[in-house]
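Given next are the chains, with one letter for each unit.
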Amino acid sequence: MPLAFVLALAVIGFVWWAWGRQRAGNAVAGKLDQVFRKRDCKWSETGDQNGRFVEYRCATCDIAAYSTTGNAPTTCKRNLRGKS
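Calculation criteria
- Residues numbered from 1 in each chain as written.
- Predicted model: local features only at pLDDT ≥ 70, side-chain atom pairs only at ≥ 80, totals over all residues.
- Heavy atoms only, no water.
- Core = buried A, V, L, I, M, F, W, Y, C linked by side-chain atoms within 4.5 Å.
- Buried < 20%, exposed > 50% of the residue type's maximum accessible area, 1.4 Å probe, protein only.
- Helix = DSSP H or I, 4+ residues; strand = E, 2+ residues; numbered from the N terminus.
- Contact = heavy atoms within 4.5 Å.
- Salt bridge = Lys/Arg side-chain N within 4 Å of Asp/Glu carboxyl O.

Caption draft 1: Examining the nonpolar core more closely. If you look at the biggest cluster of nonpolar residues, it comprises 8 residues: Cys41, Trp43, Val54, Tyr56, Cys58, Cys61, Ile63 and Ala65. It is strand β2 (residues 53-58) that provides the largest number of residues to this core, a total of 3 residues. Beyond its immediate sequence surroundings of up to four residues, Val54 is in contact with Glu45, Asp48, Gln49, Ala65, Tyr66 and Ser67.

Take a look at the structure:
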């Protein structure tokens, strides 16, 4: 019985380590950014366009974002997945 319990904990630990670590890390990083972040994003238009999309780059965290409205984004895109 104790061996089965230890084996079950090992399997659960491996699954969390392999699949859930990145998602949990992003969630924790997002919450910590909200608490400790001192400066807001300062968006500036780069002039690059792809159809209707206009590229903006944040001077604070150097992340690219796109807008179709002609206005800069209102929220930080630092914790979104994918490449900027």
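Caption draft 2: Examining the pattern of salt bridges more closely. For the structure on display, the rule yields 2 salt bridges. Of the charged contacts in the structure, one is a salt bridge between Arg57 and Glu55, with a shortest N-O distance of 3.5 Å. The exposure class assigned to Arg57 is partly exposed, which follows from its relative accessible area of 27%. With its nearest N and O atoms 3.5 Å apart, the salt bridge here joins Asp62 to Arg57.

Caption draft 3: Broad picture of unusual backbone geometry. Its identity as a non-glycine residue notwithstanding, Asp62 has a phi of 55 degrees, on the positive side. Looking at the secondary structure, you find Asp62 in the loop between β2 and β3 (64-67).

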